[in-house]
Amino acid sequence: MRGGAKFPWKPEHALGLPDVDRQHQELSRIVNELHAASGKIKGEAAARRALEKLINYACYHFATEEGIFQEIGLPKAKVREHIQHHEEFVRKVKGFRDALDHGDPIGSGLAAFAAEWLVNHTSKLDLEYAREYLKGRE
Amino acid sequence: MEDREPLAWKAEYALGVPEVDRQHQELFRIINRLRQTPAGAPAEHAAKRAIEGLVHYARYHFSTEEAFMLDIGYPDADLQAHNGQHQEFVRKVEDLGRIEHEGRPVAEAVAEFVYQWFTQHIPVFDRGYVEAYRRRKDA
């Protein structure tokens, strides 16, 4: 790959939970794969594959996090709020997939949206439950 | 919560394709997490979500492999056979997740199926495309 990733995962995004950090890094990798594939002439097949990977991996990651919420007994209201954020993300990304199915090519907007969402979500909502998780293990 | 000895990743499962090996190792982690899922009514939702997560991960992993097989020009008949295996796996996991196993936690049943399936699939089917990839590289 020429140069570095457009949306690199940064060490300051680490939460101190190895499984979760590894999954966030993988999400970041997929977003970069999507960025590289987007907007290219005759690149639609690669962009579509990257988009499907993003949806499937995000859903896997969100299910993992829900398992952690249960494990640490996160308050129901917090769980609901967090799941709503996850569902909103999946809805938006699936919206891009629907547009692709209707003939609109994937531009660079999707990767940029996903990258920004990931950074915001990780540094706010995920940080909250990570703190709860680590408190319980002191 | 049961404290069970985790199923170990073995060196013979490694294929020498870093991304695929990484994903296979993640599958082992998923199997072990499923085995740790508590049994009983309150945990049913947890088990259901964990199995949904597994299906999403499996689809993610299979799409990586399918792209790899396409990129290396894997013969169409072999590719179709391999994809058929993948589709059968997803169907089977979804069925297992729906069926009640008498007295047996569903997460445990799924974990066992996934472990048996992958430890047979990797050395036969996945090694097949990796060898084809190596032959092409060396040719």
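Predicted, not measured: the structure shown is a model, and the values here were computed from it. Along each chain, residues carry numbers from 1 onward, in the same order as the chain's sequence is written. The naming scheme follows written order: chains are lettered A onward, ligands numbered 1 onward. Since the coordinates come from a predicted model, pLDDT governs what is reported: local features require at least 70, and pairs of side-chain atoms require 80 or more to be given and counted, while whole-chain, interface and lining totals use all residues.

Only C-alpha atoms enter the line fits that serve as axes; for helices the fit covers just the stretch in contact. Angles between N-to-C directions range over 0 to 180 degrees. Helix and strand definitions here come from DSSP, where helices need a minimum of 4 consecutive H or I residues and strands a minimum of 2 consecutive E residues; each element is numbered from the N-terminal end. It is the contact of helix α2 (residues 44-72) of chain A with helix α2 (residues 44-71) of chain B, at a shortest axis distance of 8 Å, that shows an interaxial angle of 155°. In terms of orientation, α2 of chain A lies roughly antiparallel with respect to α2 of chain B. Classified by chirality, the crossing of α2 of chain B by α2 of chain A is left-handed. On the side of α2 of chain A, the interface is formed by Arg49, Glu52, Lys53, Asn56, Tyr57, Cys59, Tyr60, Ala63, Thr64, Glu66, Gly67 and Gln70 of chain A, while α2 of chain B contributes Ala46, Arg49, Ala50, Glu52, Gly53, His56, Tyr57, Arg59, Tyr60, Ser63 and Ala67 of chain B. Here the residues of the contact of α2 of chain A with α2 of chain B sort into 9 nonpolar, 7 polar and 7 charged. Our angle categories are set so that under 35 degrees counts as roughly parallel, over 145 as roughly antiparallel, 65 to 115 as roughly perpendicular, and the remainder as oblique. Rotating anticlockwise by less than a right angle from the far helix to the near helix defines a left-handed crossing, while the corresponding clockwise rotation defines a right-handed one. The contact criterion used is a C-beta to C-beta distance within 7 Å, with each C-beta placed from the backbone. Residues are grouped as follows: nonpolar covers Ala, Val, Leu, Ile, Met, Phe, Trp, Tyr, Cys and Pro; charged covers Asp, Glu, Lys and Arg; every other residue, Gly included, is treated as polar.

Now for the environment of Gln85 of chain B. Residues and elements named next belong to chain B. Position of Gln85 among the secondary structure elements: in helix α3 (residues 76-98). For Gln85 and His121, which are 36 residues apart along the polypeptide, the C-alpha to C-alpha distance reads 8.6 Å. With near-sequence residues (within four places) excluded, Gln85 lies in contact with His121 and Phe125.

Quick look at the nonpolar core now. In these notes, a nonpolar core means any group of buried Ala, Val, Leu, Ile, Met, Phe, Trp, Tyr and Cys residues linked to one another through C-beta atoms within 7 Å. Counts of 20 or more other C-beta atoms within 10 Å of a residue's own C-beta define buried residues, counts of 12 or fewer define exposed ones, and intermediate counts define partly exposed ones; C-beta atoms are placed from the backbone. Residues Val31, Leu34 and Leu54 of chain A together with Leu54 of chain B are the most contacted members of the largest nonpolar core, which totals 39 residues. Secondary-structure elements contributing two or more residues to this core are α1 (18-37), α2, α3 (76-101) and α4 (109-135) of chain A together with α1 (18-36), α2 and α4 (106-138) of chain B. With 10 residues, α2 of chain A is the largest single contributor of residues to this core.

What is shown is where atoms sit, not what they do.
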